[in-house]
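# Tertiary structure, described
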Amino acid sequence: MKERIESEALYNEAKNIILGGVNSPSRSFKGVGGGTPVFMKNGKGAYLYDEDGNKYIDYLAAYGPIITGHGHPAITQAITEAAENGTLIGTPTKLENQFGNLLRDAIPSLERVRFVNSGTEAVMTTIRVARAYTGRNKIIKFEGCYHGHSDLVLVAAGSGPSTLGSPDSAGVTKNIAEEVVTVPFNDLESLQAALDYWKDEIAAVMVEPIVGNFGMVMPEPGFLEGVNDLTHQAGALVIYDEVITAFRFMYGGAQNLLGVTPDMTALGKIIGGGLPIGAYGGRQDIMEEVAPMGPAYQAGTMSGNPASMSSGIACLELLKQPGLYDNLDHLGEKLEKGLQEAIDQYNIPASINRIKGALTLYFTPDKVKNYQDAKKGNDVLFSAFFKGMLDKGIHLAPSKYEAWFLTTAHTEADIDATIKAAKEVLASLAP
Ligand code: PMP
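Definitions and cut-offs
- Residues numbered from 1 in each chain as written.
- Predicted model: local features only at pLDDT ≥ 70, side-chain atom pairs only at ≥ 80, totals over all residues.
- Helix = DSSP H or I, 4+ residues; strand = E, 2+ residues; numbered from the N terminus.
- Rg over C-alpha atoms; globule rule 2.2 N^0.38 Å.
- Buried ≥ 20, exposed ≤ 12 C-beta atoms within 10 Å, placed from the backbone.
- Contact = placed C-beta atoms within 7 Å.
- Arc of directions from axis to C-beta.
- Near = placed C-beta within 6 Å.
- Nonpolar A, V, L, I, M, F, W, Y, C, P; charged D, E, K, R; others polar.
- Domains from an automatic or database assignment.
- Core = buried A, V, L, I, M, F, W, Y, C linked by C-beta atoms within 7 Å.
- Pairing = 2+ DSSP bridges.
- Axes fitted to C-alpha atoms, helices over the stretch in contact; angles between N-to-C directions.
- UniProt positions renumbered as here; feature names shortened; annotations may be inferred.

This part is about the overall build of the protein. When you go through the protein residue by residue, the secondary structure sums to 14 helices and 16 strands. By the compact-globule yardstick of 22 Å for 431 residues, the protein fits well, its C-alpha radius of gyration being 21 Å. Taken along the three principal axes of its C-alpha coordinates, the protein extends 60 × 55 × 45 Å. Scored against the burial criterion, the 431 residues of the protein give a buried share of 47%. Partitioning the intrachain contacts of the protein with sequence separation of at least 6 by distance along the chain shows that 72% fall at a separation of at least 24.

Here is the structure:
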């Protein structure tokens with residue numbers, strides 16, 4: 001691997017233009033003890049190429065959306081055709097119906113849907129709609145789950161079911177934080193206690209049905225069913241944040257995979273095929289709160305734009321291919337097996353959570369079931385592993401809380417090369 005001289009120069013330049021040198025804080029190397037983020041020049045299939053000409057096998061997948069690999073020709077063609085017909089029209093178009101139908105066929109709980117431009121927007125609006133529908137103010141979320149950067153969900157855990165959250169970001173007011181109650185994931189007792197305590201004040205319970213934001217964590221058997229029962233008994237709505245999970249594990253949402261149905265769902269990432277997108281939807285009677293049908297306002301100049309619609313349609317059409325998700329699962333299994341062998345061989349205090357084509361390698365020996373478990377991951381080991389892998393041409397997210405995402409472009413040879421690199425790096429970290 002060549003030195004990343006161009007990345008250094010571009011980062012130095014960027015720091016004087018783009019705040020912090022990055023347009024999203026997760027792209028900085030702050031979470032891995034600092035350093036220069038790699039400036040990528042282009043992506044093709046499973047690979048990224050940086051400005052110095054280095055090649056990487058990519059497992060970031062742009063934090064999830066790129067499930068068919070970078071620059072898939074069918075998606076590129078769809079975007080090009082859309083652009084040729086006018087990038088933004090500002091009236092309804094047939095494409096929106098087409099895409100809406102595709103989504104509802106895949107995720108039947110989306111009786112009515114709205115397209116927006118990011119996962120943040122989608123989640124933010126589901127909360128507004130739930131408040132409008134129930135006439136209540138507070139929401140419950142689960143510790144460590146990320147739901148975008150709108151005020152209400154940038155709130156850290158309180159220390160018990162009766163405790164309200166505190167702002168997780170400057171600029172989020174205490175008043176807003178007091179509308180959020182946070183309970184541990186996979187813990188129905190805490191959820192019950194919070195619902196009992198706040199009784200008629202909870203509008204909705206927001207949950208990632210399979211967590212992607214403190215690594216990949218499955219709900220324990222019965223957890224989501226319990227969330228539904230307890231929440232509905234309390235007269236509140238269940239909102240699934242499927243921004244990461246929809247179309248990640250199967251053609252549909254985690255709700256299809258697990259056989260559970262929320263009242264509303266927020267979507268993003270994969271459904272845009274790599275262009276900006278978000279969508280939210282759910283039960284018709286709830287969605288009818290939204291303008292122009294109802295009193296809850298939500299709008300967007302860019303919403304449902306032809307490029308994002310076309311890119312999303314093309315992506316979903318690709319994902320219909322038989323056997324595609326089985327293959328992602330197969331590659332994921334192979335990767336997990338190889339990593340686990342290396343962990344065992346070198347006595348690394350680590351564990352793996354894998355759900356089909358997505359996995360997280362935690363530098364803690366214990367099984368991770370909630371955020372507190374994930375936090376135990378050793379920062380020094382993760383940083384060394386991340387940087388070691390990067391130097392060997394394996395591109396991971398620079399955070400111990402993120403997942404490795406497989407794409408349909410990854411090959412068995414890519415997985416072999418990744419396992420080989422991981423073995424070398426883990427050998428160098430052996431106690
Ligand atoms: N919800 C979840 C579960 C997410 O992982 C993210 C982004 N990582 C968001 C919402 C926010 O999406 P966006 O970045 O598109 O605003």
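Glancing now at helix α6 (residues 188–198). Turning to α6, its buried residues number three or more, namely Leu191, Ala194 and Leu195. One face of α6 carries all of its buried residues, which in axial projection span an arc of 95 degrees. Of the exposed residues in α6, the ones pointing more than 90 degrees away from its buried face are Glu189 and Asp196. For α6, the elements touching its buried residues are β5 (138–142), β8 (180–183), β9 (202–207) and α7 (223–233).

Taken together, 15 residues are adjacent to the ligand, and Ser118, Gly119, Thr120, Gly148 and Val243 come closest. The greatest single-element share of the shell around the ligand, amounting to 3 residues, is contributed by helix α4 (residues 119–134). Residues of the shell around the ligand, tallied by class, amount to 5 nonpolar, 8 polar and 2 charged.

Turning to the environment of valine 123, a few remarks are in order. If you trace the backbone, valine 123 turns up in helix α4. Residue classification places valine 123 among the buried positions, given that 28 C-beta atoms sit within 10 Å. Each C-alpha atom, one on valine 123 and one on methionine 264, is 9.7 Å from the other, the two residues being 141 residues apart in sequence. Ignoring anything within four residues of it in the chain, the contact list for valine 123 reads His147, Gly148, Ser150, Val153, Asp241 and Ala266.

Taken domain by domain, the protein holds domain 1 (5–71 + 322–428) and domain 2 (73–319). Each partner contributes residues to the interface: domain 1 has 24 residues there, and domain 2 has 28 residues. For the side of domain 1 that touches domain 2, the elements supplying multiple residues, two or more each, are α11 (324–345), β13 (351–355), β14 (358–362) and α12 (371–375). No other element matches β14, which puts 4 residues into the side of domain 1 that touches domain 2. In terms of residue class, the side of domain 1 that touches domain 2 is built from 15 nonpolar, 6 polar and 3 charged.

Grouped together as the largest cluster of nonpolar side chains are 125 residues, with contacts concentrated most on Ala130, Ile139, Ala204, Leu237, Ile239 and Ala279. A domain split of this core shows at least three residues from each of domain 1 (5–71 + 322–428) and domain 2 (73–319). When sequence neighbours within four positions are dropped, the list of residues in contact with isoleucine 139 reads Ile127, Leu152, Glu179, Val180, Ile202, Ala203, Ala204 and Met206.

A separate point is the sheet that holds strand β11 (residues 264–268). Spatially, 7 strands are ordered β4-β12-β11-β10-β9-β5-β8 in an open sheet, and the strand pairing comes out mixed. Lying at the two open borders of the sheet, with one neighbouring strand each, are β4 (112–116) and β8. Averaged over all adjacent pairs, the angle separating strand axes in this sheet is 20 degrees, with direction ignored. Sitting on the sheet, α4 is in contact with β4, β5, β9, β10 (237–241), β11 and β12 (278–282), with an inclination near 165 degrees to β11.

One can find arginine 248 in the loop between β10 and α8 (254–258). Residues arginine 248 and alanine 384 lie 136 residues apart in sequence; the distance between their C-alpha atoms is 28 Å. Residue contacts for arginine 248: discarding those within four places in its chain leaves Gly64, Ile67, Ile270 and Ala358.

What follows is about the UniProt feature "modified residue: N6-(pyridoxal phosphate)lysine" (unreviewed entry) in the protein. Residues annotated by UniProt as "modified residue: N6-(pyridoxal phosphate)lysine" (unreviewed entry) correspond here to Lys269. Mapped onto the elements, lysine 269 comes out in the loop between β11 and β12. Classification of lysine 269 as buried rests on a count of 27 C-beta atoms within 10 Å. Once you skip the residues sitting within four places of it in the chain, lysine 269 turns out to touch Gly64, Pro65, Gly119, Val243 and Ile244.

What follows deals with the sheet that holds strand β3 (residues 55–58). Spatially, 4 strands are ordered β1-β2-β3-β15 in an open sheet, and the strand pairing comes out mixed. Since the sheet does not close on itself, it has two edges, and those belong to β1 (40–44) and β15 (394–395), each with one partner.

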